[in-house]
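# Descriptive analysis of the structure
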Amino acid sequence: MRMIPMVDLKSQYENIKQEIDKSISNVLNHTQFINGAEVSQFQSELSDYLKVKHTITCGNGTDALQLAMMALNLKPGDEVITANFTFVATVEVIGLMGLTPVLVDVSPDTFTIDTEAVKKAITPKTKAIVPVHLFGQAAPMEDILELAKEHNLYVIEDTAQALGAEYTFKDGTRKKLGTIGDIGTTSFFPSKNLGCYGDGGAIFTNNTELAERLKSAANHGMTIRYHHDRVGINSRLDTIQAAILSVKLKYLDQYNQARQKAALYYREAFADIKEITTPKEYENSNHIYHQYTLVLDENVNREALQSYLKEQGIPAPIYYPIPLHLQKAYQDARYKEGDFPVTEHLCKNVISLPIHTEMKEEDLKYITDKVKAFFN
Ligand SMILES: *Cc1c(COP(=O)(O)O)cnc(C)c1O
């Protein structure tokens, strides 16, 4: 039996081994393991790639979100609106900061935050909106920016799953995700579209004052050494990870194209299966398929499909099985089951298939043949 991996970091490494080994060995030789030259070099390379003024690297994507909220001087009691259908990190940092998370439903087609729902959730206490570019495609940024402007709100883009994707505005202007709001955040978790070989994250902004506050917040609240102007945290990308990411950044577009190619194969293969809805590509964003997530008809036994695929060596995880408002840690008198119909429907009916940068056509054929066999 074949064993298909969800991501294939081993083959990816083999293909760029020489460059990666050389960059790691440079760091081992100069021993500046923290704040080595590779860190600022990677920051400026990523800024150039994204066409953003400032990139501040940090320890991981969760810290990046927390640092964004610290830099915006959000205070306990301030409300922050975010999507209910997302990885927990987004809402976790809102809670940790003593802010009030306000959850809203998502669009059934794109799984990203629903603008009408955001509109309804805005109160005088609202200070920020955190759209999540889920699974590799953009939240409706133009509408969100409009709302934010109208109500004087900050926008923090969670770009952990969509680094390298672009948003096209109505006037044709194109911007990379993460550079559109006041602050963008991302993660370099190994399986993300741009992943390192450990933990890592980054924050983006075009606002120089915010950039200074972000740097200081990530560095114990310091701007001048041993002068602490505010309470900060310690959150750094180490030099070895920066050296690895400098190499991998050169391949990011190619990696995203490989994911798109796999997604196209899936789409064509499943076109005739009426129980499956393949991902819809939002017209303003080029989907870069961090995940390839299907929505199954309600009458499909998802668990049966999942275990059938598992027996064939095909992992098919559920991103995400439980909406945030039904998670133990985030239960709240404001919310009950049934309040977020789209999110709840998705949590019950989505299933994801392997997608990564090294997928071979024979693997795609194997996977799609098995899925088709299940439905025939
Ligand atoms: C991965 C992820 C994060 C957190 O990133 P870490 O580096 O694991 O802390 C945050 N938000 C979203 C949407 C993610 O997918």
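Rules of the game
Residues numbered from 1 in each chain as written. Predicted model: local features only at pLDDT ≥ 70, side-chain atom pairs only at ≥ 80, totals over all residues. Heavy atoms only, no water. Helix = DSSP H or I, 4+ residues; strand = E, 2+ residues; numbered from the N terminus. Rg over C-alpha atoms; globule rule 2.2 N^0.38 Å. Buried < 20%, exposed > 50% of the residue type's maximum accessible area, 1.4 Å probe, protein only. Contact = heavy atoms within 4.5 Å. Areas by Shrake-Rupley, 256 points an atom, 1.4 Å probe, with all protein chains shown as cover. Near = heavy atom within 4 Å. Polar contact = N/O pair within 3.5 Å; in protein donor to acceptor, adjacent residues only side chain to side chain. Nonpolar A, V, L, I, M, F, W, Y, C, P; charged D, E, K, R; others polar. Pairing = 2+ DSSP bridges. Axes fitted to C-alpha atoms, helices over the stretch in contact; angles between N-to-C directions. Core = buried A, V, L, I, M, F, W, Y, C linked by side-chain atoms within 4.5 Å. Disulfide = S-S within 2.5 Å. Phe/Tyr/Trp six-rings, centres within 6.5 Å; stacked < 30°, edge-to-face > 60°. Lys NZ or Arg CZ within 6 Å of the ring centre and 35° of its normal.

For the protein, the helix and strand inventory stands at 13 helices and 12 strands. By the compact-globule yardstick of 21 Å for 376 residues, the protein fits well, its C-alpha radius of gyration being 21 Å. Dimensions of the protein, computed from the C-alpha atoms along their principal axes, are close to 70 × 55 × 45 Å. In the protein, which comprises 376 residues, the share counted as buried stands at 56%. Intrachain contacts of the protein at a sequence separation of at least 6 include 72% that bridge at least 24 residues. By element, 50% of the accessible surface of the protein is carried by carbon and sulfur atoms, the whole surface being about 16900 Å².

This part covers the site of the ligand. The environment of the ligand is formed by Asn-60, Gly-61, Thr-62, Thr-86, Phe-87, Ala-89, Val-132, Asp-158, Ala-160, Gln-161, Ser-187 and Lys-192. Between the ligand and Thr-62, the relevant distance is 2.5 Å, taken from an oxygen atom to a side-chain nitrogen or oxygen of the residue. Within the side chain of Gln-161, an N or O atom sits 2.8 Å from an oxygen atom of the ligand. Within the complex, 91% of the 380 Å² of free accessible area of the ligand lies under protein. Of the residues that constitute the shell around the ligand, the class distribution is 4 nonpolar, 6 polar and 2 charged.

Right, let's talk about the side chain of Gln-12 for a bit. One can find Gln-12 in helix H1 (residues 9–15). Apart from the residues lying within four places of it in its own chain, the contact partners of Gln-12 are Lys-248, Tyr-255, Thr-357 and Glu-358.

This part covers the sheet that holds strand E5 (residues 154–158). Within a sheet, neighbouring strands are paired by backbone hydrogen bonds and run either parallel or antiparallel to one another. The strand order across the open sheet formed by 7 strands is E1-E9-E8-E5-E4-E2-E3, and the pairing between neighbours is mixed. Of all the strands in the sheet, just strand E1 (54–58) and strand E3 (100–104) have a single pairing partner and so form its edges. Ignoring which end each strand starts from, the neighbouring axes of this sheet average 25° apart. Judged from the 4 bridges that link them, strand E8 (residues 183–187) and strand E9 (residues 201–205) form a sheet pairing that is antiparallel.

Attention now moves to the pairing of E9. Working note: regular strand, side chains alternate between the two faces of the sheet. Of all the 5 residues making up E9, 5 are buried; the element is thus mostly covered by neighbouring parts of the structure. Two strands pair when backbone bridges link them, and E1 and E9 are joined in this way by 5 bridges, in the antiparallel orientation. Within E9, the residue paired with His-54 across the bridge is Thr-205.

Before going further, it helps to spend a moment on the nonpolar core. Core analysis: the largest hydrophobic core is formed by 68 residues, its most contacted members being Phe-85, Ile-113, Phe-270 and Leu-353. When residues in this core are grouped by element, the largest group, 5 residues, is from helix H13 (residues 361–375). Ranked by size, the runner-up nonpolar core spans 27 residues in total, among them Leu-67, Val-80, Val-93 and Ile-94.

The amide bond that connects Tyr-319 to the next residue, Tyr-320, takes the cis arrangement and shows omega of 5°. Positionally, Tyr-320 belongs in the loop between helix H11 (302–311) and helix H12 (341–349). With a phi angle near 55°, Asn-73 is a residue other than glycine that sits in the positive phi range. With respect to the secondary-structure elements, Asn-73 resides in the loop between helix H4 (61–71) and strand E2 (79–83).

Counting across every chain of the model gives 0 disulfides. As a non-bridged cysteine, Cys-196 has Cys-58 as the owner of its nearest cysteine sulfur, 11 Å distant. Relative accessible area serves as the criterion here: at 1%, Cys-196 is assigned to the buried category.

The next subject is the packing of aromatic side chains. Considering all chains together, one arrives at 17 aromatic pairs under this definition. A ring pair is formed by Tyr-251 and Tyr-255, whose centres lie 6.0 Å apart and whose planes are at 25°; its orientation type is stacked. Taken individually, Tyr-251 and Tyr-255 each receive the classification buried, so the pair is uniform in this respect. Among the aromatic residues, ring-to-ring pairing joins Phe-85, Phe-87, Phe-111, Phe-135, Tyr-319 and Tyr-320 into one connected group. Above the ring of Tyr-366, the side-chain terminus of Arg-2 is found at 5.0 Å from the ring centroid. Sitting above the plane of the Tyr-49 ring, Lys-176 keeps its charged end 4.7 Å from the centroid.

The next thing to look at is the sheet that holds strand E11 (residues 292–296). If you walk across this open sheet you meet the 3 strands as E10-E11-E12, and the pairing is antiparallel. With partners counted over all chains shown, the strands left at the sheet margins are strand E10 (276–277) and strand E12 (350–353), one partner each. Both E11 and E12 contribute to a ladder of 4 bridges, which runs antiparallel. Across the sheet, the residue bridging to Val-295 is Val-350, located in E12. H12 contacts E11 and E12 of the sheet and is inclined by roughly 100° relative to E11.

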